[in-house]
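Architecture at a glance
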Amino acid sequence: MNFLARSVRAVRPVRMVRSYATEAATAGLRLTFAVPHQTIFKNVSVTQVNIAAVSGDMGILASHVASIEQLRPGVIEVIEATTTKKFFVSGGFATMNPDSTLNINAVEAFPVEEFSVEAVRHNLAEAQRLSNSAATEEEKLAAKIEVEVLESLQAAILAK
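Throughout what follows, the structure given in this document is the object of discussion.

How each quantity is defined
Numbering of residues begins from 1 in every chain and follows the order in which that chain's sequence is written. Under the rules for a predicted model, residues below a pLDDT of 70 receive no local features and side-chain atom pairs below 80 are neither given nor counted, while totals for whole chains, interfaces and linings still include all residues. Note: side-chain values were computed over all heavy atoms of the structure, leaving out hydrogens and water. Definitions used throughout: a 1 Å grid over protein atoms alone; a cavity as a set of points that fits a 1.4 Å probe which cannot get out; a pocket as an open set with protein on both sides within 12 Å along at least five of seven lines; a lining residue as one with an atom within 4 Å of a point. Grid points are joined across faces, edges and corners, and a volume is the space filled by probe spheres set on the points. Helix and strand assignments follow DSSP, with helices taken as H or I runs no shorter than four residues and strands as E runs no shorter than two, numbered in order from the N terminus. Note that Gly is not counted as nonpolar here; it falls among the polar residues with everything else outside the nonpolar set of Ala, Val, Leu, Ile, Met, Phe, Trp, Tyr, Cys and Pro and the charged set of Asp, Glu, Lys and Arg. Basic side-chain nitrogens of Lys or Arg form a salt bridge, by our definition, when they fall within 4 Å of a carboxyl oxygen of Asp or Glu. Take the number of residues in a helix, subtract one, and multiply by 1.5 Å to get its expected span. Summary of the burial criterion: residues with accessible area below 20% of their type's maximum are buried, those above 50% are exposed, and those between are partly exposed, where the area comes from a 1.4 Å probe applied to protein chains only. An arc is given here, and it is the one of the directions from the helix axis to the C-beta atoms. To get an axis, fit a line to the C-alpha atoms, keeping to the stretch in contact for a helix; angles then go from 0 to 180 degrees between the N-to-C directions. For this classification, under 35 degrees means roughly parallel, over 145 means roughly antiparallel, 65 to 115 means roughly perpendicular, and everything else is oblique. The handedness criterion is simple: a crossing whose near helix is rotated anticlockwise from the far helix by less than a right angle is left-handed, and one whose near helix is rotated clockwise is right-handed. Contact definition: two residues touch when any of their heavy atoms are within 4.5 Å. Here, the term nonpolar core denotes a set of buried Ala, Val, Leu, Ile, Met, Phe, Trp, Tyr and Cys residues that are joined through side-chain atoms within 4.5 Å. Aromatic rings from Phe, Tyr and Trp, with only the six-membered ring used for Trp, were paired whenever their centres fell within 6.5 Å, and each pair was classed as stacked if the ring planes differed by under 30 degrees, edge-to-face if by over 60, and tilted otherwise. Pairing between strands is defined by DSSP: at least two bridges between the two strands are required.

This part takes up the layout of surface pockets. Volume-wise, the largest pocket comes out at about 210 Å³. Residue lining of the largest pocket: 16 residues in total, with Ala52, Asp57, Gly74, Val75 and Ala156 positioned closest to the centre. Elements supplying a minimum of two residues to the lining of the largest pocket: β3 (48-53), β4 (56-60), β6 (74-79) and α3 (137-158). Its residues assigned to classes, the lining of the largest pocket comprises eight nonpolar, three polar and five charged.

Shown next, in the form of structure tokens:
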């Protein structure tokens, strides 16, 4: 018997079980949404939040399974009882907790209606030009990120 085989202890198999949040289902979904310089929502009761995650777009309701999602450039849609608000975020994280609280921490977030279609088109064309004519790899990567964000922003504005 080799050293590794002798060193292994008998370990009981761990049974992983995925469960759903139930603690705060009656209170609804509580949202805290912040950027480094401002809190947009602080422990506000909302009906649903739709996020643009790296793993895919998803709608979050009260009692959603606990998870941590990396946000990609896209729209965060906050659905309250009587209103819907859309914010464009460049990235960040969303943490859904078992007690039906959702924390969104974004690098940047702006209401979608504050963007100009013409300005975004102009900036996108400029970023694409820079991407194609960049001299260094670093410049190309920076321009590529800018293009990705502006394309997502353009899609969000046109989807209004």
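This model, assessed by the stated rule, comprises three salt bridges. Between Glu80 and Lys85 there is a salt bridge; the shortest N-O distance is 3.4 Å. Here Arg129 makes a salt bridge to Glu126, at a shortest N to O gap of 2.5 Å. Highlighted residues: Arg129 and Glu126, both in helix α2 (residues 117-133), separated by three residues, approximately one helical turn.

Helix length check: α2, at 17 residues, gives a terminal C-alpha distance of 24 Å against a target of 24 Å (1.5 Å per residue), a fit within 8%. For α2, the full list of buried residues reads Val120, Leu124 and Ala127. Along the axis of α2, the buried residues cluster in a sector spanning 65 degrees; they form a single face. Those residues of α2 that are exposed and angled more than 90 degrees off the buried face are Glu118, His122 and Asn132.

Further remarks concern the packing of α2 against α3. Where α2 meets α3, the closest approach of the two axes is 9 Å, and the angle between their N-to-C directions is 155 degrees. Judged by the inter-axis angle, α2 sits roughly antiparallel to α3. Here the hand of the crossing between α2 and α3 comes out left-handed. Seen from α2, the contacting residues are Val117, Val120, Arg121, Asn123, Leu124, Ala127, Gln128, Leu130 and Ser131; seen from α3, they are Lys140, Ala143, Lys144, Glu146, Val147, Leu150, Glu151, Leu153, Gln154, Ile157 and Leu158. Partitioned by chemical class, the residues of the contact of α2 with α3 number 11 nonpolar, four polar and five charged.

Attention now goes to the nonpolar core. Residues Leu31, Phe33, Val49, Ile51, Ile76, Leu102 and Ile104 are the most contacted members of the largest nonpolar core, which totals 22 residues. Put simply, the parts of the chain that give this core at least two residues each are β1 (29-35), β2 (38-46), β3, β4, β6, β7 (84-89), β8 (92-96) and β9 (101-106). Ignoring anything within four residues of it in the chain, the contact list for Val49 reads Leu29, Leu31, Met58, Gly59, Ile60, Ile76, Glu77, Leu102 and Ile104. Listed in part, the 10 residues of the second largest apolar core include Val120, Leu124, Ala127 and Ala156.

Applying the stated criterion to the full structure yields five aromatic pairs. Ring centres of Phe110 and Phe115 lie 6.2 Å apart, and the angle between their planes is 90 degrees; this geometry places the pair in the edge-to-face category. Residue class for Phe110 comes out partly exposed when judged on its relative accessible area of 38%. Among the aromatic side chains, those forming a connected cluster through ring pairs are Phe33, Phe41 and Phe87.

Moving on, we come to the pairing of β9. Bridge analysis of β1 against β9 gives five bridges, and the strand direction is parallel. For Ala34, the partnering residue across the bridge sits in β9 and is Asn105. Here β8 runs beside β9; their pairing, made up of five bridges, is antiparallel. Looking at β9, one finds that Ala94 is bridged to Ile104. Counting the residues between successive antiparallel strands, the hairpin from β8 to β9 contains four residues, one of them, Ser100, with a positive phi of roughly 65 degrees.

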